[in-house]
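# Remarks on the overall topology
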Amino acid sequence: MQVKRFVATDMRRALELVRQELGSDAIILSSRRVREGVEILTSAAQTDTASAPSGQAAAPAAGSDAGVFAGVGGDKAALSAREIHDEIALASRQRIARQQAAESADEFLGSNQVINAGIARRDTAPEIAPVSAGPQSAAERYGLLDEAPAITAKAANDRDEIGQLHEEIAQMRELLEEQLSRLGATPSGPNNAQVTSLTRRFERMGFSADICQPLLQQPFKSRVMGKAWPEAMARVAKAVPVLEQDVTANGGVFALVGPTGAGKTTTIAKLAARYVLEHGADKVALVTTDTYRLAGHDQLRSLAAILQVPVRVVDDNNSLSSVLRSLRRCELVLIDTPGMRHGAPELKQQMAQLADIAKINSLLVLPANSQMQMLQASRHAYSAARLAGCILTKLDETSSLGEALSCAIGAKLPIAYTTDGQDIPADIAPARGHQLVAKALQLAQQNQQSMQARG
């Protein structure tokens, strides 16, 4: 198979070059953006393809890459340059016809008297956001929907059809750019293309496909991607487990557990300072069980001195239960624990000690800038402490939030708080599912813009 490379400033020009060079039977192997514009890799159609049995594509030659790019969606044959060109030409003809219809409506409603009446009505009526696809008709611009119902209904139908056509072309381009890498994993059914496109969007945000696909299997209200995407975002946001209440606002005993460097001590400082500002220093106490590191509790002592709250150390002479009894008059007790190697005997002993005291609520502190494997390993290692929830830290230091959210969704571990800085007590807030998903989308868009800027 002879592979040829074509480079042009845009996709339309590149397809024209393919058609001129190889004819309408050329096979598109891949397409991607390059510094010069768009690059397309093609090959001429095999002569024995036509003799293949009906409904089956010709078998690729051994050692060639043709089999990888042999089709678009299910059992369809590979798109030829003519088919892609025809799709784009059809969209152009639809757009031109829509513009001509709008111009005819303008002429029909073109008198000054009608325009003035329409403008007056538009100024007094609530403004409606326009549909993204297609230009507005004159009746819509001037607010004369009741005087031209037939034109308005037709215009709305045309916009929906053109919008759906644009989305289908965008999906086709996305499939080509992805080089059909996930063709074999495409789910079956009439909604497979939409689910696949939505799943890829969430994967770019860092979400696991195993988490997203079950949430996207139910049919959407619209096949247009621009309308289905907000609905998909809402489904994922609803699936993110969060603690509805500010769990430390009413006091209690809370132990923060997690790996080294996750931000446990800084988070304790934020929670303690916030409670002191609202209720006073005599209502808060700090406890540390970190006797494994040299001067491991010095940071907590410095914090206690600043806030003017008592601090207690759990050691061989003072058990955790006896220390908590001595602090029973304090409304909020925060316990700082050391970070240890996963699987260490000392870690298991610490978690068992916390689990034995019923009134302790253990919160797992997970740094959002960790990889998915590390997040899952931490959740597994600290689950013996009877986790009541988790806290996502370092949102300001991560480039992807989907991994941490996927870990929480998969483990059904509710998120209590999120932190995004070092300011005490400002940079901490109760978790909200829709805000976290919106933050994940924002980070994904920033990453995409950075990649485009780098060329």
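One can find the structure itself at the top, above this paragraph.
As the structure is a prediction and not an experimental result, all values here were calculated from the model.

## Concerning the overall build of the protein chain
What the protein chain contains, in helices and strands, is 15 helices and 11 strands. Counting over 455 residues, the protein chain shows a buried share of 43%. Across the protein chain, the fraction of contacts at a sequence separation of at least 24, relative to all contacts at a separation of at least 6, is 72%. On the protein chain, roughly 24,500 Å² of surface is accessible, and the fraction owed to carbon and sulfur atoms is 50%.

## Examining the side chain of Ser-362
Position of Ser-362 relative to the elements: it lies in strand β8 (residues 360-367). On the accessibility criterion, Ser-362 (0% relative accessible area) is buried. Polar contacts involving the side chain of Ser-362 include one to the main-chain carbonyl oxygen of Ala-385, which spans 3.2 Å. The residues touching Ser-362, leaving out its near neighbours within four places in the chain, are Ala-255, Leu-354, Ala-385, Arg-386, Leu-387, Ala-388 and Gly-389.

## Comments concerning helix α10 (residues 298-307)
Of the positions making up α10, those classed as buried are Leu-300, Leu-303, Ala-304 and Leu-307. Each buried residue of α10 lies within a common arc of 100 degrees when the element is viewed along its axis, so the set occupies one face. Of the residues in α10, the exposed ones pointing more than 90 degrees away from the buried face are Ala-305 and Ile-306. Residues of α10 that are buried make contact with α9 (264-279), β5 (284-288), β6 (311-313) and β7 (332-336). With its phi angle positive at about 60 degrees, Gln-308 sits one or two positions after the end of α10.

## As for the packing of helix α8 (residues 225-239) against helix α15 (residues 433-454)
One can describe the packing of α8 onto α15 by two numbers: an axis separation of 8 Å at closest approach and a directional angle of 125 degrees. By the angle between their axes, α8 is oblique relative to α15. Judged by the twist between their axes, the crossing of α8 over α15 is right-handed. From α8, Trp-229, Met-233, Val-236 and Ala-237 reach across to α15, where they touch Gly-433, His-434, Val-437 and Leu-441. Taken together, the residues of the contact of α8 with α15 sort by class into six nonpolar, two polar and no charged.

## Digging into the pairing of strand β10 (residues 415-419)
Counting buried residues along β10, five of its five residues qualify, which places the element largely inside the surrounding structure. Alignment of strand β9 (residues 387-393) against β10, held across three bridges, turns out to be parallel. Looking across to β10, one finds that Ile-391 is bridged to Tyr-417. Taken together, β9, helix α14 (residues 402-411) and β10 constitute a β-α-β crossover, and its handedness is right-handed. Both β10 and strand β11 (residues 428-430) contribute to a ladder of three bridges, which runs antiparallel. Among the inter-strand pairings, Tyr-417 is bridged to a residue of β11, identified as Pro-430.

## With respect to unusual backbone geometry
In this structure, the amide linkage connecting Ile-424 to the following residue, Pro-425, adopts the cis form with an omega of 0 degrees. Secondary-structure assignment places Pro-425 in the loop between β10 and β11. A positive phi angle, close to 60 degrees, is found at Lys-394, a residue other than glycine. Relative to the elements of secondary structure, Lys-394 occurs in the loop between β9 and α14. Backbone geometry at Lys-412 places phi at a positive 50 degrees, although glycine is not the residue there. Considering the arrangement of structural elements, one finds Lys-412 in the loop between α14 and β10. Residue class for Lys-412 comes out exposed when judged on its relative accessible area of 70%.

## Examining the sheet that holds β10
Ordered in space as β6-β5-β7-β4-β8-β9-β10-β11, the eight strands form an open sheet in which the pairing is mixed. If you trace the sheet from one side to the other, it starts and ends with β6 and β11, each paired once. Between one strand axis and the next, the sheet turns through 25 degrees on average, direction left out of account. Both strand β4 (residues 252-257) and β8 contribute to a ladder of five bridges, which runs parallel. From the neighbouring strand, Phe-254 faces β8, where its bridge partner is Asn-361.

Scoring rules and cut-offs
Residue numbers run consecutively from 1 along every chain, following the written order of its sequence. Only residues with pLDDT of at least 70 get local features here, since the model is predicted, and only at 80 or more are side-chain atom pairs given and counted; chain-wide, interface and lining totals rely on the full set of residues. Here the side-chain values reflect all heavy atoms present in the structure, with hydrogen atoms and water set aside. The secondary structure listing takes helices from DSSP runs of H or I that are at least 4 residues long and strands from runs of E that are at least 2 residues long, numbered from the N terminus. When accessible area is computed with a 1.4 Å probe and restricted to protein chains, residues below 20% of their type maximum are described as buried, those above 50% as exposed, and intermediate ones as partly exposed. Every residue pair with non-hydrogen atoms within 4.5 Å of one another is taken to be in contact. Accessible surface area values rest on a Shrake-Rupley calculation with a 1.4 Å probe, where residue burial reflects the displayed protein chains alone. Polar contact is the term for a pair of N or O atoms within 3.5 Å; when the atoms are in protein, one must be able to donate a hydrogen and the other to accept it, and sequence-neighboring residues count only if both atoms are side-chain atoms. To be clear, the arc concerns the directions from the helix axis to the C-beta atoms. Comment: axis = line fitted to C-alpha atoms, over the contacting stretch for helices; angle = value between 0 and 180 degrees taken between N-to-C directions. Roughly parallel means an angle under 35 degrees; roughly antiparallel means over 145; roughly perpendicular covers 65 to 115; every other angle is labelled oblique. In this scheme the handedness of a crossing depends on how the near helix is turned from the far one: anticlockwise by less than a right angle means left-handed, clockwise means right-handed. Residues were grouped as follows: Ala, Val, Leu, Ile, Met, Phe, Trp, Tyr, Cys and Pro as nonpolar; Asp, Glu, Lys and Arg as charged; and all remaining residues, including Gly, as polar. DSSP-based pairing: two strands are paired if at least 2 bridges between them are found. A crossover counts as right-handed when, viewed with the strands pointing away from the observer, the path leading from the first strand over the helix to the second turns clockwise.

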